[in-house]
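# Descriptive analysis of the structure
What follows is each chain in one-letter form.
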Amino acid sequence: MMRLVLLFAAALAGATARAADELVLPPVTRTTLPNGLRVIVSEYHELPLVDVAIFVGAGAAQDPPGKEGLAALTAGSLKRGVDRLSAEDLARAIESLGGSINAAAGTDASVITAEFLSGDFGAGMDLLRQVVRDPAFARDEVRRVRDEQLASLVSQLEEPSEIAEKCFAAWLYGRHPYGRPVEGRRKTVEDLGRGDVRDFYDRWYRPNDTILALVGDVKAEDALARIQAAFGDWKPGAEAVAARAGAPEPVGARRVLLVDKPDATQTQIRIGAIAMARKDPDLLPAQVANTVLGGGFTSRLIEELRVKRSLTYGASSVFVARLVGGDFRIQTFTKTPTTVETLMLALQVEGDFRSGAIDPKQIAKAKTYMRGQFPLRLETPDAMAARLAEIEFNGLPQDELVTYRSRVAAVTPEMASRAAAQHMPESDAVAIVVVGKAAEVKAPLEAGLGAVRVVTPDACDALDVK
């Protein structure tokens, strides 16, 4: 526990004294190569590992209209062979080093991660360079990745919780890019091909909107030299810097979507509204408040829905904060006959919570939990590399990690209550998604909440939200 933090403390022995509650992290070197690639390097010598996280500044939000799922297909195809190695040979080369390279698209960015033994740093970086800069995108390999993506989309239609997540994004965000499913839609993915992947890659996989973070058992100057050798002659692109969408529109009035799944054995429920971007200064006090409401197994939602009334085994709430906006959401599930009771109670618990002053003892408990958990999330070099890249990507202060615990400690009950009142929604201004048996829950839902729109799981691919 806290090995990394303790090591970092040793590494900085004798450095400027910091507040007692702040973490002491190792020196972080930041530089920007002439081609625009932003590079972050931090030494970590407790384990003989080197971890790299690369954020390419285009994700599902940059999928062209009608080609949803293209960012995911492009990221998934990166590892399926490079100019000098087939897919099998590349996999064998990575395995021979005992390392790993993975790539996936997110909403705002595509992320490539790699891990190698520090003794294989040179060979590992060369393989990573080839994956990022020289993917082959062989036609058959792209088709295999596309078929796997389609198979995943089909399998998701059998899983109510997956349906709920996908339909909730579409129902809440509407036509905003955050409403697009990262993995795409069946009718768009099945038409994607090698040419689409190559076009997406050629435009967006450029150094001038990319961040590379490296944490590992190497000297910073050696790491920088390797990065310069691998990526220094990577050509920038004038169109590679994404023009981001504006903030999503708030939910004006409550709207209810019932996704009919006649064979469902339980009902999945999602309740939410538009909230904050990752950079919003209110996010931290709001997260402290949310820890009380739905952030743990002793939360208010668990107490009311599970412990007191046995309506569910699980209930939680969370702020999902992205680059240009985000949302607050409650998620739970229950038996079909108790669908409306569970939904109405969740709304009531959240409404009462946001409209009243939060108990200072509960705030103190939440802060202790958050401060205690934080170092555990930075223990490993891969976690540290991902956080450093994420901080840079979202434009957060460079001391975000160092000051986190002291900033949590400084949140007062008044600050948390104010953030809850401002950023948790009123019950008549939420988007609600219910996935279950429409024949049994539609009428009770209408009686309790008014108009309900009923769709099939497939229809969430083309929801027109006004």
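Everything here concerns the structure above.
Residues numbered from 1 in each chain as written. Predicted model: local features only at pLDDT ≥ 70, side-chain atom pairs only at ≥ 80, totals over all residues. Heavy atoms only, no water.

As a further point, take the nonpolar core. Judged by nonpolar contacts, the single largest core of 67 residues is most densely connected at Ile271, Leu343, Ile432 and Leu445. Look past the residues within four positions of Leu343 in its chain and what remains in contact with it is Ile269, Ile271, Ile432, Val434, Leu445 and Leu449. In this structure, Leu70, Leu127, Leu212 and Ala242 belong to the second largest nonpolar core, which totals 49 residues. (Core = buried A, V, L, I, M, F, W, Y, C linked by side-chain atoms within 4.5 Å. Buried < 20%, exposed > 50% of the residue type's maximum accessible area, 1.4 Å probe, protein only. Contact = heavy atoms within 4.5 Å.)

Within the secondary structure layout, Thr312 lies in the loop between helix 11 (300-308) and strand 9 (315-321). For Thr312, a relative accessible area of 7% gives the class buried. Looking at Thr312, its side chain comes within polar contact range of the side chain of Thr332, at 3.3 Å. At 2.6 Å, the side chain of Thr312 and the backbone oxygen of Phe333 are in polar contact. The contacts of Thr312, once residues within four sequence positions are left out, are Leu305, Arg306, Thr332 and Phe333. (Helix = DSSP H or I, 4+ residues; strand = E, 2+ residues; numbered from the N terminus. Polar contact = N/O pair within 3.5 Å; in protein donor to acceptor, adjacent residues only side chain to side chain.)

For the coordinates displayed, the defined rule picks out eight aromatic pairs. An angle of 70° between the planes, with centres 5.4 Å apart, marks the rings of Phe137 and Tyr201 as edge-to-face. With a gap of 64 residues between them, Phe137 in the loop between helix 4 (121-133) and helix 5 (139-156) and Tyr201 in helix 8 (residues 194-204) connect regions that are remote in the sequence. Of the two residues examined, Phe137 and Tyr201, each falls in the buried class. Between the aromatic rings of Phe374 and Tyr404, the centroid separation amounts to 4.0 Å while the plane-to-plane angle is 20°, which identifies the pairing as stacked. Of the two residues, Phe374 is situated in the loop between helix 13 (360-373) and helix 14 (381-393) and Tyr404 in helix 15 (residues 404-409); the sequence distance between them amounts to 30 residues. For the pair formed by Phe374 and Tyr404, the shared burial category is buried. Through a chain of ring-to-ring contacts, the aromatic side chains of Phe137, Tyr201 and Tyr205 assemble into a single cluster. (Phe/Tyr/Trp six-rings, centres within 6.5 Å; stacked < 30°, edge-to-face > 60°.)

Quick look at the sheet that holds strand 2 (residues 38-43) now. With mixed pairing, six strands are arranged side by side in an open sheet as 1-2-6-3-5-4. The open sheet has two edge strands with one neighbour each: strand 1 (28-32) and strand 4 (100-105). Looking at each pair of strands side by side, their axes are set apart by 10° on average, direction ignored. Strand direction decides the pairing type here: strand 3 (residues 49-56) and strand 6 (residues 210-216), joined by seven bridges, are antiparallel. When the sheet's bridge partners are listed, Ala53 is paired in strand 6 with Ala213. (Pairing = 2+ DSSP bridges. Axes fitted to C-alpha atoms, helices over the stretch in contact; angles between N-to-C directions.)

Here the focus is the packing of helix 4 against helix 9 (residues 220-231). Contact geometry for helix 4 and helix 9: axes closest at 10 Å, N-to-C directions at 35°. In terms of crossing hand, the pair formed by helix 4 and helix 9 is right-handed. Of helix 9, the residues touching helix 4 (which contributes Phe121, Gly122, Met125, Arg129, Val132 and Arg133) are Asp222, Ala223, Arg226, Ile227, Ala230 and Phe231. Of the residues contributing to the contact of helix 4 with helix 9, the split by class is seven nonpolar, one polar and four charged. (Left-handed = near helix turned anticlockwise from the far one by under 90°. Nonpolar A, V, L, I, M, F, W, Y, C, P; charged D, E, K, R; others polar.)

So, on to the packing of helix 10 (residues 283-294) against helix 16 (residues 413-423). At a minimum axis distance of 8 Å, the contact between helix 10 and helix 16 shows a crossing angle of 90°. Viewed along their axes, helix 10 and helix 16 adopt a mutual orientation that is roughly perpendicular. Between helix 10, through Pro285, Ala286 and Ala289, and helix 16, the contact on the second element is made entirely by Met415, Ala416, Ala419 and Ala420. In terms of residue class, the contact of helix 10 with helix 16 is built from seven nonpolar, no polar and no charged. (Parallel < 35°, antiparallel > 145°, perpendicular 65-115°, else oblique.)

Moving on, we get to the sheet that holds strand 9. Taken together, the six strands give an open sheet; going across it, the order is 9-10-8-11-7-12, and neighbouring strands pair in mixed fashion. Each edge of the sheet is formed by a strand with only one pairing partner; in this case those strands are strand 9 and strand 12 (453-455). Across this sheet, the average inter-strand angle for adjacent strands is 20°, counted without regard to direction. Note: strand 8 (residues 267-274) against strand 10 (residues 326-334), eight bridges, orientation antiparallel. When the bridges of strand 10 are listed, Gln268 appears paired with Phe333. Across the sheet, helix 10 lies against strand 9 and strand 10, angled at about 170° from strand 9, the strand it touches most.

So, about the layout of surface pockets. Volume-wise, the largest pocket comes out at about 760 Å³. Along the walls of the largest pocket sit 31 residues, with Leu283, Leu284, Gln287, Met370 and Tyr404 positioned nearest its centre. Elements that contribute at least two residues to the lining of the largest pocket include exactly helix 10, strand 9, helix 13, helix 14 and helix 15. Along the lines of polarity and charge, the residues of the lining of the largest pocket split into 13 nonpolar, nine polar and nine charged. (1 Å grid on protein atoms, 1.4 Å probe; cavity = no way out; pocket = protein on both sides within 12 Å on 5 of 7 lines; lining within 4 Å. Points joined across faces, edges and corners; volume = space filled by probe spheres on them.)

Our next topic: helix 10. Between its first and last C-alpha atoms helix 10 spans 15 Å; for twelve residues at 1.5 Å apiece the expected length is 16 Å, and the two agree. Counting buried positions along helix 10 gives eleven out of twelve residues, so the element sits mostly inside the fold. Here helix 10 has its buried residues at Leu283, Leu284, Pro285, Ala286, Val288, Ala289, Asn290, Thr291, Val292, Leu293 and Gly294. (Expected span 1.5 Å × (residues − 1).)

Attention now moves to the pairing of strand 5 (residues 110-117). Residues Ser110, Ile112, Ala114 and Phe116 of strand 5 are buried on one face, while the alternating residues Val111, Thr113, Glu115 and Leu117, pointing to the opposite face, are not. Alignment of strand 3 against strand 5, held across eight bridges, turns out to be antiparallel. Note that in strand 5 the partner of Ala53 across the bridge is Thr113. The pairing of strand 4 with strand 5 spans six bridges and is classified as antiparallel. Each residue of the ladder has a partner; that of Ile101, found in strand 5, is Ala114.

In short, geometric facts, not functional conclusions.
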